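Structure assessment
Take a look at the letters that make up each chain.
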There are 2 protein chains.
Amino acid sequence: MAKKYVYFFGGGKAEGKGGMKELLGGKGAGLAEMTNIGLPVPAGFTITTEVCDYFYKNNRKYPQGYSFEVKKNLARLEKLVGKKLGDPDDPLLVSVRSGAARSMPGMMETILNLGLNDRSVEGLAMKTSNRRFALDAYRRFIIMYGSTAMGIPRKKFDDEFDDIKERRTKVRLNIRKGTVLDTDVNEQELEELITRLKNVYKEHTKKDFPQDPLEQLSGSVDAVIGSWMAEKAVTYRRVEKITGLLGTAVNIVQMVFGNMGDTSGTGVCFTRDPNTGEDIFYGDLLMNAQGEDVVAGIRTPIHLSDLGKIMPNIYKQLTQVRSRLEKHYKDMQDIEFTIEEGKLYILQCRTGKRSPMAAFKIAVDLVKERLITKKEALLRISDKEIEGLFYPVIDPKIPLDELKHNLFATGIAAVPGAAAGSVVFTAKDAEAWTAQGKKVILVRKETSPEDVGGMHAAKGILTATGGKTSHAAVVARGWGKCCVVGCEDLAIDYDAKNVSVGNTIIKEGDEITINGSTGEVFKAPLNLIKPELPEAYNSLMTWADDVRTLKIRTNVDTPYDAENAIRLGAEGIGLCRTEHMFFDTDVRRMAIQRMIIAEDEETRKRALDELLPFQRKDFAGIFRAMDNKPVTIRLIDPPLHEFVPHTENDQKHLAQRLGIPFHQVKRRIDRLHEANPMLGHRGSRLCITYPEILDMQVRAIMEAASECKKKNIAVFPEIMLPLIIDAKELQILADRTRLVADSVMKEQGVKIKYLVGTMIEVPRAALLADQIAKVAEFFSFGTNDLTQMTLGMSRDDAGRFLPDYVDEKKAGVLKSDPFQSLDQDGVGLLIKMAIDKGRKTKKDLKVGICGEHGGDPASVEFCHLNGFNYVSCSPFRVPIARLSAAQAALKFGKKK
Amino acid sequence: MAKKYVYFFGGGKAEGKGGMKELLGGKGAGLAEMTNIGLPVPAGFTITTEVCDYFYKNNRKYPQGYSFEVKKNLARLEKLVGKKLGDPDDPLLVSVRSGAARSMPGMMETILNLGLNDRSVEGLAMKTSNRRFALDAYRRFIIMYGSTAMGIPRKKFDDEFDDIKERRTKVRLNIRKGTVLDTDVNEQELEELITRLKNVYKEHTKKDFPQDPLEQLSGSVDAVIGSWMAEKAVTYRRVEKITGLLGTAVNIVQMVFGNMGDTSGTGVCFTRDPNTGEDIFYGDLLMNAQGEDVVAGIRTPIHLSDLGKIMPNIYKQLTQVRSRLEKHYKDMQDIEFTIEEGKLYILQCRTGKRSPMAAFKIAVDLVKERLITKKEALLRISDKEIEGLFYPVIDPKIPLDELKHNLFATGIAAVPGAAAGSVVFTAKDAEAWTAQGKKVILVRKETSPEDVGGMHAAKGILTATGGKTSHAAVVARGWGKCCVVGCEDLAIDYDAKNVSVGNTIIKEGDEITINGSTGEVFKAPLNLIKPELPEAYNSLMTWADDVRTLKIRTNVDTPYDAENAIRLGAEGIGLCRTEHMFFDTDVRRMAIQRMIIAEDEETRKRALDELLPFQRKDFAGIFRAMDNKPVTIRLIDPPLHEFVPHTENDQKHLAQRLGIPFHQVKRRIDRLHEANPMLGHRGSRLCITYPEILDMQVRAIMEAASECKKKNIAVFPEIMLPLIIDAKELQILADRTRLVADSVMKEQGVKIKYLVGTMIEVPRAALLADQIAKVAEFFSFGTNDLTQMTLGMSRDDAGRFLPDYVDEKKAGVLKSDPFQSLDQDGVGLLIKMAIDKGRKTKKDLKVGICGEHGGDPASVEFCHLNGFNYVSCSPFRVPIARLSAAQAALKFGKKK
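Residues numbered from 1 in each chain as written. Chains lettered and ligands numbered in written order. Predicted model: local features only at pLDDT ≥ 70, side-chain atom pairs only at ≥ 80, totals over all residues. Heavy atoms only, no water.

1. Observations concerning the overall build of chain A
To keep it simple, the criterion reads: In this description a helix means any DSSP run of H or I spanning at least four residues, a strand means any run of E spanning at least two, and both kinds are numbered starting from the N terminus. Using C-alpha atoms as the atom set, the radius of gyration is obtained and then compared with a globule rule of 2.2 Å times the number of residues to the power 0.38. Working definition: with a 1.4 Å probe on protein chains only, accessible area under 20% of the residue-type maximum means buried, over 50% means exposed, and in between means partly exposed. A contact between two residues is defined here by any heavy atoms of the two lying within 4.5 Å. Only the protein chains shown count as covering a residue, and every accessible area follows the Shrake-Rupley method with a 1.4 Å probe.
Of the regular secondary structure elements, chain A holds 35 helices and 34 strands. The C-alpha radius of gyration computed for chain A amounts to 32 Å, which stays within 12% of the reference 29 Å derived for 896 residues, consistent with globular compactness. Seen through its C-alpha atoms, chain A measures out along the principal axes to roughly 100 × 70 × 50 Å. Looking at chain A residue by residue over its 896 residues, the buried ones come to 59%. Taking the intrachain contacts of chain A between residues at least 6 apart in sequence as the baseline, contacts between residues at least 24 apart amount to 69%. Accessible surface for chain A amounts to roughly 36,100 Å². Of this, 49% is attributable to carbon and sulfur atoms.

Here's what the structure looks like:
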């Protein structure tokens, strides 16, 4: 049987259904599903994603038979609706919209009012008795078709429209520039506009605007499919890590009109509040407008509850739809609807984007409402949502006066949280400034899909126009990124790079603060603090902890951070770096520097003796904070040159303080210089050369442990040797470690259970894991270095070429940045091999990960699947790791 | 049955035999074998190497029953010889000598004349009617026992002896200082000396010198076994890569005396000339001396042929021994003998060390004499011996006048070849100066085992004393290192750091030239050239080529080197680095620098266009030299910052020449700086970022190939992409390579068979070799980088810690320097995996190696065993690779 490329829906029945997202896209599957459950959906048909896939795999050709299917379904639609496309008396109009299996808001093209031409526009005018409406529909169609299908710059069309509106302004001087609304333009002006738009079209395409509706249709479908590979769509997929889709489906749907007068309107609503998750009906609409007006945020809409006052019946019908959809989809839905002359149509429904706060509340509430299980609730939460919960808020201790004094403007609170930073006016600047380590707030009149990169980079987003469902709001919400929209008082001057409210001017680079929970904008950088966690968070994390089998540890170096990590749910320390402690005070820094400058063992040992009490104190603090939990302490890792000054002045100063000739200090430091420090004299290599460093550190650890044990604190030290490449090397150092540890315990008269293990962070160690496991009591994968060495890629230098390697438009060699998400194909293979080999030697070998991947959900899933005992990550990623571990357990079952 | 720890030999029969080297050591097995074949060997017994092994594995304790066995065998010896140890009337004296399974000349301890004490010395005096001899034997024993077994500094004893000799000098003023010989000292003086030596002994040990022969014996055995782990022995084993030995055996043998007057003597001889390999009897001896006098080179000996005149019967007997031994052992032998009052004793025989030249001649001659097969001959040649053949000689074009004018002194030609360099006077300096890249000649009065490191480092060795069998000569010969010994005219002043002959003084750092083939020393750095290869070399290499299955290619970058490599037997190029060509002339350097400084593609392309004709010309030259052989060309590899100047002055100069503002040049160069350039923006990553570089290089290759093809030169270009980490990355670049290559062939109207392959030099590429093999037409393992990344060890920086990792006395983690000999345990494992995976995808995938390991024998063997098609190495190592490949094929059979 030939492949079916087109699926029809309408008249209460659909060929597709909700489960066919991959094939019909989210929108197409939704329309089919909604049709099937009896909602008032306009009729139409969906061209499957397989057509798009075929198109790109076959040199931009369509599959055989596809075109015939489209015509057959168009005929069926015409028959059902009782109108014909392009009919000069009573034309059928359709929309052509994209829709992939995953939502990509605003990323791909839409064409409305297709079927209009110079003759049918008059038929529509007659039929609706509203020539202004018909002409307006036609001008919209010409603009959309011209810019989308033919690639004519949108501005060319807008300029013509603005010119006509401008003329009005000149005539009626009392009207402020830019305040003439589209709806104010009259029939004559529209007629003139249409002529001018068609001229623009001809100028660019060297052809007349197409009058044949079938030509219009195929051009529009081409445009939608072409938009799948447009740069902005590709960027969006990369940022959102959307992969594995066939392509976009194309939905051709009977047009209904929200702009047919005062009993018409169009809107977007959510079945619950997408910001708080509260069970209230939430949304807004524009009366006498088409959908694109809402999404683009060009006009500021009215609130949904106002609809109850204007059209109570429609409002009631809409609330019934709301409840039916939530029961059906068992999740909060985002609904697009249009009211055409008092009749409600549901155009689209999909799972609604929500703020992190809302995500938790909705998930937990739905469990309470018995609509979903705890498992389903857990699987619905993403790492970004957890992260979002921890976004800062403005310090409530700031006096009201101060706030008031600094208030600059107020807009619509689109995504909660607060952000402070320097103002930039373009997405490019947002990316560039952020790359330089600055915090920025992106301020735009409105955002568009081209801005996604800069929006992602910015700490917060502020727009002058648009509502809660505008592009800026929807995109920012997905990231849990603070966002204020529709701040209409802002006068933004892109050329002068400033924004003003009245006489107050804020220039590029000035610092502001925005509050996404209230919509307030402050003309100063205010102090931000961490928010209270919602109750739903605690419930959900408890469920997660019940489910997961992976332990979650943390990477911390101080007692303070250790306590914080415990609060966030850490079950131990997977990586305590001892070297940071050397910098804590001047006395310590001097001692470590004296140790390094030492040219003989005696001097080195004396300097180490000075450091011992400091390290002991730090370790004791950490053991205390981690009472009853394991603490993995890594011995010194970085090359020694990281501890000493490199300018001549600083070296002279150091020489003076150490009472050593300058030339000696300089000579020693010069000798420490390395061509490739990453692969140099560091890690356990330092302890092979200077075993006295190991002696001091192990002594400090075990003395601290003894001290704590005597105070009834349960200590489980795990001493970890970094950068090991060979079993014999580990044996030498492990023997020495045990010698020191055992002698400290003897001195202290205390017995402590401690482990000696190794980081697996050099490929050779992974390859020889069977031999290394004979000596090591645990493995901890140092995936940062392991990634650098396995890929031959210095993280410090990769900035120059890694973007090309990750960018699917360029080389696209790697799925994602291997320093953020574990390179499972390459490094992962090595890790699996190492675990297999290690456990062949030592069946119960404890295995963990302590690279930064420990807090990345995909990497946590990898760890779950490959028999890790724990992952260890920064404290603020501990909750993410807890959830990810639970999700992995739910998806794949418990692993041994 | 209990283990047998002691093996007896004597009276024409031995318990051991020649094949028991591992157990009895080379010397012990030799003594047993010689006894069995009826040679006049003194009787004795051997303590096995298992005792030494047990000793070090059991906390320095001897095995049970061992001591009883020694006593039993001592009794048997006493019975056979008819004398008793320590007998005051007619004492048995024995020697105690070390002897491991592999020869370590001078590395371990020997004690002679054991059994003498205050009473037995008089018995010996009476029995031999030579009290002076007996006293001399006793003083030797005290010195050896005291310094060796008790660790008393030898100098303390020597000072006493010197003091007595000095007194003589003062008395007889006509005698030059230092010219009083040991043999000049009389009985009274010896008696006094013995008393003084015993005082020295007591002062240090707080005990009297032991009078009990059994105590002397156990002390001496302890000393010999202790010497196995002495630093010099451990160093020697490391340098010589001797591993896997159990330990040393100990030989206790009846003493015979070469110093019993003018019918006594002792000597060392070789069954063929160890320098040329000629079939002549070669050696020297000292009359009225003990063996240690010969080996230490303290006195200059007489030539063996002189013995024929002095004692014709003994000389005849010795020539019979010579011929019997060569027939028996089928190789040139090194024989130690002693004549005791007209009676010949053979003390030791072993395979003789020989010069590289001699090694070839002897091996080929023995084949001609049908004593050995071609296979045996091939297996007897080592890589060092091939290397030695290529050592330089003094340019024969230098006029005789000039040579004469520069002649400084003449000594004994110990190891042929010539060397020029700066004079240093200590082994430590030799190592230090060499590490700084200087060429040095080590000048010593005599060398000792402590000097081995410095001897290895030096280009040549010159000593004032010693003969052809002195320590310096034997050790240098093993390495094929130019050596002149016994240059008695030299007056060396270690304190002033100079050496003089008459009024001519050469100071430390002055350059000299030594000729190891003539013994001449020149006071100037003379021009050295490469020697003629001997006929035997050609025969042997032809046999090797018949046998081996591995192809041997070479790493060269210029037509000149390519021609040279062909002469040395290369069968193609395995690695042609294209970047070196950029530096060849100023025009090229400017073009590459302009390319790098370029900030846009256009400028970059223009600069590349300038480079194209140069590269094309180079490639054409290489193709011509390699007519009919494959040529693997690697595209640009090093990071761009290697091509540009880094000082401000040079950058300014460059800016001026390029006509570009300095700040722009500086900014661009600054941006190229990398933290870890090894892991940075280099290799194929450059072509991902700047594909125009690939375009130029591929075009240059294919245009050159077309040009050659048109001239009927058979070209087989293999284009190689470096630093690949992923199949997709390779696919992108391979596609582009083929696109350019195919379009050049079309332009040129020529059809050329070319391959596109990759280096496997990043661990990830090895791990994903199955995927990469889908794209690559060949793999070439870049083991330099693969080693750096797999071990996480930068070759540039490893100097700081790698010595500890290779030093078995310290960490001893690695068997050898992984940058010289492939780390088979780690990197080798990865390579095997990559080949398996690669060949699973592509059964006939061509696999080669192009790191520096390609010329290392152990690594070549690895390649043979693991199915490589070829190895590629520097031209001068091509002959070594050819031989090693043959040896591997002989040892392990042909591999698929």
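2. Description of unusual backbone geometry
Residue and element names in this part refer to chain B. Of note in the backbone geometry, Ser-129 takes a positive phi value of approximately 50° without being a glycine. Within the fold, Ser-129 resides in the loop between helix 4 (120–128) and helix 5 (131–149). In this model, Glu-341 sits at a positive phi of 45°, which is unusual for a non-glycine residue. Position of Glu-341 among the secondary structure elements: in the loop between strand 12 (333–340) and strand 13 (343–351).

3. A look at the sheet that holds strand 19 (residues 460–463) of chain A
Residues and elements named next belong to chain A. This is how it is decided: A pair of strands is treated as paired once DSSP finds two or more bridges between them. Axes here mean lines fitted to C-alpha atoms, for a helix over just the part in contact, with angles spanning 0 to 180 degrees between N-to-C directions.
The eight strands are arranged 15-25-24-17-18-19-20-16 in an open sheet whose pairing can be described as mixed. Edge positions in the open sheet fall to strand 15 (407–410) and strand 16 (412–415), since each of these has one partner strand only. In this sheet, adjacent strand axes meet at a mean angle of 30° when their direction is disregarded. Where strand 16 lies against strand 20 (residues 483–485), three bridges are found, and the strand directions are antiparallel. Paired with Val-415 across the two strands is Cys-483, which belongs to strand 20.

4. Describing the packing of aromatic side chains
Basically, it comes down to this: Each pair of aromatic rings taken from Phe, Tyr and Trp, with Trp reduced to its six-membered ring, is defined by centres within 6.5 Å and is described as stacked if the planes are under 30 degrees apart, edge-to-face if over 60, and tilted in the remaining cases. For a Lys NZ or an Arg CZ to count as sitting over a ring, it must be within 6 Å of the ring centre and within 35 degrees of the ring normal.
A full pass over the atoms with the stated rule returns 36 aromatic pairs over all chains. Centre to centre, the rings of Phe-133 of chain B and Phe-257 of chain B are 4.8 Å apart; their planes meet at 80°, and the pair counts as edge-to-face. Note that Phe-133 of chain B is positioned in helix 5 and Phe-257 of chain B in the loop between strand 8 (248–254) and strand 9 (265–270), a separation of 124 residues in sequence. Its relative accessible area of 2% is what places Phe-133 of chain B among the buried residues. On the basis of relative accessible area, Phe-257 of chain B is assigned to the buried category, the value being 5%. By way of ring pairs, the aromatic residues Tyr-138, Phe-141, Tyr-145, Tyr-201 and Phe-209 of chain A are connected into one cluster. Sitting over the ring of Tyr-7 of chain B, Lys-4 of chain B keeps its end group 4.9 Å from the ring centre.

5. What about the interface of chain A and chain B?
To be explicit about the condition: Here the quantity called buried area is the accessible surface, traced with a 1.4 Å probe, that two parts lose on coming together, added over both. When a carboxyl oxygen of Asp or Glu lies within 4 Å of a side-chain nitrogen of Lys or Arg, that pair is called a salt bridge. N or O atoms closer than or at 3.5 Å make up a polar contact, with two conditions inside protein: a donor-capable atom paired with an acceptor-capable one, and, for residues adjacent in sequence, both atoms drawn from side chains.
Tallying the contact residues gives 49 residues for chain A and 49 residues for chain B. Both sides together, the interface formed by chain A and chain B hides about 4,200 Å², and carbon and sulfur atoms give 59% of it. Per-residue buried area on chain A facing chain B is highest for Leu-679, Arg-764 and Arg-800 of chain A; these three make up 15% of the total on that side. Taken together, the links from chain A to chain B amount to two salt bridges. For Arg-764 of chain A, the salt bridge goes to Asp-823 of chain B, with nearest N and O atoms at 2.6 Å. Where chain A touches chain B, the interface holds 22 residue pairs in polar contact (both at pLDDT 80 or more). Within the residue set of the side of chain A that touches chain B, elements represented by two or more residues are helix 25 (662–672), helix 26 (684–689), helix 28 (727–748), helix 29 (763–767), helix 31 (783–791), helix 32 (802–806) and helix 33 (827–841) of chain A.

6. Some words on the relation of the copies chain A and chain B
To keep things clear, this is the line we draw: A residue counts toward the fit only if its pLDDT is at least 70 in both copies, and the copies are then superposed by least squares on the C-alpha atoms of those residues.
When chain A is brought onto chain B, the operation consists of a screw motion whose angular component is 180° and whose axial shift is 0.1 Å, with 0.3 Å RMSD remaining. Such values leave the two copies arranged in the relation of a two-fold axis. Here 100% of the interface residues in chain A have copies in chain B that are interface residues too; the copies meet face to matching face.

7. A short note on the environment of Tyr-494 of chain A
Residue and element names in this part refer to chain A. In this fold, Tyr-494 is placed in the loop between strand 21 (491–493) and strand 22 (498–501). Residue class for Tyr-494 comes out partly exposed when judged on its relative accessible area of 27%. Distance in space between the C-alpha atoms of Tyr-494 and Phe-425 is 6.7 Å, their sequence separation being 69 residues. Ignoring sequence-local partners within four residues, the contact set of Tyr-494 consists of Phe-425, Val-443, Arg-444, Lys-445 and Glu-446. At 2.7 Å, the side chain of Tyr-494 forms a polar contact with the backbone nitrogen of Lys-445.

8. Some thoughts on the confidence of the model for chain A
Rules: Note: pLDDT gives the predictor's confidence per residue, expressed from 0 to 100.
When pLDDT is averaged along chain A, the result is 90, and 96% of the positions lie at 70 or above. Interface confidence in the predicted complex, given as ipTM, is 0.76; pTM for the same model is 0.76.

9. Topic: the pattern of salt bridges
Pairing between side chains of opposite charge can happen when the charged atoms of each approach one another. Residues and elements named next belong to chain A. Taken as a whole, this structure holds 124 salt bridges over all chains when the rule is applied. The salt bridge partner of Arg-548 is Glu-571, with a shortest N-O separation of 2.9 Å. Of this pair, Arg-548 sits in the loop between helix 20 (535–547) and strand 27 (551–555) while Glu-571 sits in the loop between helix 21 (559–567) and strand 28 (573–577), and the two are 23 residues apart along the sequence. Look at Glu-571 and you get partly exposed, because its relative accessible area is 23%.

10. As for the nonpolar core
Operational definition: Among the buried residues, those of types Ala, Val, Leu, Ile, Met, Phe, Trp, Tyr and Cys that are joined through side-chain atoms within 4.5 Å form a nonpolar core.
Of all hydrophobic cores here, the largest spans 267 residues; its most connected members are Phe-781 of chain A together with Phe-781 of chain B. Leaving out residues up to four positions away in the same chain, Phe-781 of chain A has contacts with Ile-760, Leu-786, Ile-831, Ala-834, Ile-835, Val-847, Gly-848, Ile-849, Cys-850, Gly-851 and Phe-868 of chain A.

11. A look at the environment of Cys-873 of chain B
Residue and element names in this part refer to chain B. As for its placement among the helices and strands, Cys-873 is situated in strand 34 (residues 870–873). For Cys-873, a relative accessible area of 1% translates into the label buried. The spacing of Cys-873 and Gly-851 is 22 residues in sequence and 7.2 Å in space, taken between C-alpha atoms. In this structure Cys-873 touches Arg-553, Thr-554, Asn-555, Gly-854, Gly-855, Val-878 and Ala-881, once residues within four positions along its chain are discounted.

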